[in-house]
Amino acid sequence: MNASPQLDFDRLRAKGAPDPTPLPGSRKAQPKYPFVMSYPDPGNLPIMEAHAAMGEALAEVGGTTAVYPDTQGYPPLREYIAERLAQRRRMSVDPDDILLTEGSGQAIHFVTEALVDPGDVVIVDHFVYGGTLWSLRRFAADIRGVVSDADGMLPDALEDAISGAVAEGRRPKMIYLIPTFQNPQAWTMPVERRREIVEVAARWGVPILEDDGIAEFRFEGEHVPAVASLDDSGVVMHTGTFSKIVVPGMRIGYLIASRQLLETVMPIKGSRGVTQFGALAVHRFAVTRLDDHLARLNGALRSRRDAMFAALGENMGSAASWSTPEGGLYTWLTMHDGVDLVDAAGAAAERGVTYDQGPNFATGDDPGRNKARLCFSFNTEDEIREGIARLAEEALGPG
Ligand SMILES: Cc1ncc(COP(=O)(O)O)c(C=O)c1O
């Protein structure tokens, strides 16, 4: 739709509004090897089961006020989340300390809006999920990336980042962490490291936002307790999502935090709840079908992950290294000897291979041009083998 010539929305735009971005428009054809996609492929989504679950829920509560939106989120789903987090993540949560959100992305955005004024310091991993960087930039945070090793963020480096900011008179507002199957680096922080990080954060009085939405995709090894389960000081906020473990289009996630923080977020969210139909469907699906679905999905993901590791080994050999997570949806590729995956991206895309380039996650000195996140969640094993062979040809040259 074209605006009338009398109207110029660029002139009307509020000072605080972000710069416009082009509309995505109609969907372009999906490339054949979209290693950029950090979601299960449609064939592994429980579409018909979610549809049946919604039908069952509506048949049961359709004649009651449960179909009206609930401002904090459908109470039975909040009770379910509290129980599941107690079982799976060792957390002790009151359902009234849970706020349903449109995915965990919205929870991250709300917490950022609640805490961050322009120029406020926020600490993240050097190489971290781009959606969170987008929210932090939206509120003009001073983003400080902290380096990690194979066990995640280094407590000493975190301490240096906090004390450095405090010395500037700018106590950080928040530490954002994805401690399990970190996006994009795919490491998982062991419990001892989690304790050390909580100790540092609590000592300095800097809250942690734990983003735990990928933790249920564990195919081997033991679950590591959530960071929030190790904290009794209230310093850890926690967000999770049903986007990836049920259906992305449901847009149901949650934020768990102190009443004080939730009461700050409520007026940002406004009086509208999240989609009540989505909450009804997710609740019914979760109670009746989630464990079976996850067992199947994790089986599929495991074999795709193994196919990706094998293909990387065959095609990249000593020219690269990659993380070897016990679960999740992706691995983090690092090319050696000056190979530039930003330069290679165009030619790879011509051949149907897309990946998320290192600079999209970078928050520190290393721009990460030799790095990429490769998702194994969306393609079959055969496609993974073909796609990785093509990627290696583009990155390394033929033969
Ligand atoms: C680490 C991480 N956090 C948050 C999100 C946002 O997920 P949601 O669909 O629940 O908003 C994603 C999605 O890819 C993610 O990878």
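Numbers given to residues run from 1 along each chain, matching the order in which its sequence is written. Per-residue local features of the predicted model are confined to residues with pLDDT of at least 70, and side-chain atom pairs are confined, for both listing and counting, to 80 or more; whole-chain, interface and lining totals are unaffected and use all residues.

## Notes on the site of the ligand
So, point 1. Here, nearness is defined through the C-beta atom: a residue counts as near a molecule or strand if that backbone-placed atom lies within 6 Å of it. The environment of the ligand is formed by 14 residues, the closest being Gly103, Gly105, Asn183, Thr241 and Ser243.
So, point 2. For helices the rule is a DSSP run of H or I covering at least 4 residues; for strands it is a run of E covering at least 2, with both sets numbered from the N terminus onward. Of all the elements, helix α4 (residues 103-115) adds the most residues to the shell around the ligand, at 3 residues.
So, point 3. When residues are sorted by character, Ala, Val, Leu, Ile, Met, Phe, Trp, Tyr, Cys and Pro go into the nonpolar class, Asp, Glu, Lys and Arg into the charged class, and all the rest, Gly among them, into the polar class. Here the residues of the shell around the ligand sort into 3 nonpolar, 10 polar and 1 charged.

## What about helix α3 (residues 75-89)?
So, point 1. Any helix carries an expected span of 1.5 Å times its number of residues minus one. For α3, which comprises 15 residues, the first-to-last C-alpha distance of 20 Å matches the rise-based estimate of 21 Å (1.5 Å per residue) to within 8%.
So, point 2. Here exposure depends only on C-beta density: within 10 Å of a residue's C-beta, 20 or more other C-beta atoms make it buried, 12 or fewer make it exposed, and intermediate numbers make it partly exposed, the C-beta atoms being placed from the backbone. Among all positions in α3, only Leu77, Arg78, Ile81, Leu85 and Arg89 are buried. Take α3 and look down its axis: the buried residues cluster within an arc of 100°, on one side only.
So, point 3. The secondary structure elements touched by the buried residues of α3 are β2 (98-101), β10 (253-256) and α9 (276-316).
So, point 4. Phi turns positive, to about 55°, at Arg90, one or two residues after α3. Directions drawn from the helix axis to the C-beta atoms are what define this arc. Think of it this way: build a C-beta for each residue from its backbone, and any pair within 7 Å is a contact.

## A few points about the packing of α4 against helix α5 (residues 130-138)
So, point 1. To get an axis, fit a line to the C-alpha atoms, keeping to the stretch in contact for a helix; angles then go from 0 to 180 degrees between the N-to-C directions. Direction vectors running N to C along α4 and α5 enclose 30°, while the axes themselves pass 9 Å from each other. Of the possible angle classes, the one that applies to α4 and α5 is roughly parallel. Seen from above, α4 lies across α5 with right-handed handedness. On α5, the residues that touch Gly105, Ile108, His109 and Thr112 of α4 are Gly131, Thr132, Ser135 and Leu136. Oblique is the label for any angle not under 35 degrees, not over 145, and not in the 65 to 115 range, which are roughly parallel, roughly antiparallel and roughly perpendicular in turn. Each helix crossing is assigned a hand: it is left-handed if the near helix lies turned anticlockwise from the far helix by less than a right angle, otherwise right-handed if that turn is clockwise.

## Section: the domain arrangement of the protein
Size of an interface, as often reported, equals the accessible area lost when the parts are brought together.
So, point 1. For the domain bounds, the source is a domain assignment made automatically or taken from a database. According to the domain assignment, the protein consists of domain 1 (28-46 + 292-396) and domain 2 (48-289).
So, point 2. Between domain 1 and domain 2, the C-alpha centre-to-centre distance is 25 Å.
So, point 3. Counting from both sides, the interface comprises 27 residues of domain 1 and, opposite them, 30 residues of domain 2.
So, point 4. Here the side of domain 1 that touches domain 2 takes 6 residues from α9, the largest share from any one element.

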